[in-house]
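The lines below spell out each chain.
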Amino acid sequence: MEAVFCGSAIFLAVLSFFAGRLYEFFRLMAIMREQSRAGYLIGILSQCEKDNEMAGRWLDPYFHNNRYKKIVIYGVGGKYYENFRNHIRDEMFDEIFLMDSNVEKVQKSFSEHVYCREDLKTLTYDAIVVTSVSHFMEIQDELLSVWGGKNIVSYTDIVFNAYKEMDC
């Protein structure tokens, strides 16, 4: 009798666990349907940026841990470029190159030189940070296949994983 009761209790506990997971899954799916993929990602990114800021996390430990001293920031025309620059310490890098696909448009806003993709083959760098949130994959593919880019990382990945870099 005790074995049946114990088995039933275990069964109910397992069922309850999976029912809770299933409920959470469908709740998240409903949220994702309501928002576009980019909008959803931007919402999560915004929250992670706030969390990192509140915890006093900088983004440059990622580069230090990977020994990246010279970086290219690709995509300097948007707000995420500004967010990235506000969360790194320039003195942690030997060189920071700015790059954009629309140099003519964005160069007016910068005192620093903004490079175009074609210049990638002539620059000496350790990593490229792509600040575009919604076009990272296309940019990464182009930089790899057409321009021979290396160590291409997304701004979102660095923000999402900043807490891990602090422990290294």
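Thresholds applied
Residues numbered from 1 in each chain as written. Predicted model: local features only at pLDDT ≥ 70, side-chain atom pairs only at ≥ 80, totals over all residues. Heavy atoms only, no water. Helix = DSSP H or I, 4+ residues; strand = E, 2+ residues; numbered from the N terminus. Buried < 20%, exposed > 50% of the residue type's maximum accessible area, 1.4 Å probe, protein only. Contact = heavy atoms within 4.5 Å. Areas by Shrake-Rupley, 256 points an atom, 1.4 Å probe, with all protein chains shown as cover. Arc of directions from axis to C-beta. Core = buried A, V, L, I, M, F, W, Y, C linked by side-chain atoms within 4.5 Å. Lys, Arg positive; Asp, Glu negative; His and termini not counted. Salt bridge = Lys/Arg side-chain N within 4 Å of Asp/Glu carboxyl O. Polar contact = N/O pair within 3.5 Å; in protein donor to acceptor, adjacent residues only side chain to side chain.

Q: Would you explain the overall build of the chain in this entry?
A: In terms of regular secondary structure, the chain is built from eight helices and five strands. Reading the helices (α) and strands (β) of the chain from amino to carboxyl end gives α-α-α-β-α-β-α-β-β-α-β-α-α. Here the chain holds 168 residues, and 35% of them are scored as buried. In the chain, once contacts between residues fewer than 6 apart in sequence are set aside, the share between residues at least 24 apart is 66%. Accessible surface, the chain as shown: approximately 10,700 Å² in total, 57% of it carbon and sulfur.

Q: Teacher, can you tell me more about helix 6 (residues 136-145) here?
A: One turn of an α-helix holds 3.6 residues; hence residues three or four places apart share an orientation. When helix 6 is considered as a whole, its buried residues turn out to be Phe 136, Ile 139, Gln 140 and Leu 143. The arc that holds the buried residues of helix 6, viewed along the axis, is 100°, so those residues lie on one side. The inward-facing, buried residues of helix 6 abut strand 1 (70-74), strand 4 (127-130) and strand 5 (152-154).

Q: How should the nonpolar core be read in this particular structure?
A: Taken as a class, soluble globular proteins show a tendency for nonpolar side chains to be buried jointly. With 29 residues, the main nonpolar core has Phe 63, Ile 71 and Phe 84 as its most contacted residues. Once residues within four sequence positions are removed from consideration, Phe 63 is found in contact with Tyr 68, Ile 71, Phe 84, Phe 93, Val 129 and Ile 158.

Q: What exactly am I supposed to notice about the side chain of Glu 49 here?
A: Mapped onto the fold, Glu 49 is located in helix 2 (residues 37-54). Despite its burial, Glu 49 pairs with no opposite charge, the nearest such side chain being Lys 79 at 5.8 Å. A distance of 3.0 Å separates polar atoms of two side chains, one belonging to Glu 49 and the other to Asn 83. If near-sequence neighbours (up to four positions away) are discounted, Glu 49 is found in contact with Tyr 80, Asn 83, Tyr 155 and Val 159.

Q: Could you clarify how one ought to interpret the pattern of salt bridges in this entry?
A: Close approach of charged atoms allows side chains of opposite charge to pair. Applying the stated criterion to the full structure yields four salt bridges. We note a salt bridge from Arg 89 to Asp 60, for which the minimum N-O separation is 2.6 Å. Taken as a pair, Arg 89 in the loop between helix 4 (79-86) and strand 2 (95-99) and Asp 60 in helix 3 (residues 60-65) lie far apart in primary sequence, 29 residues in all. With a closest N to O distance of 2.9 Å, Arg 85 and Asp 90 form a salt bridge.

These values are about where atoms sit, not about what they do.
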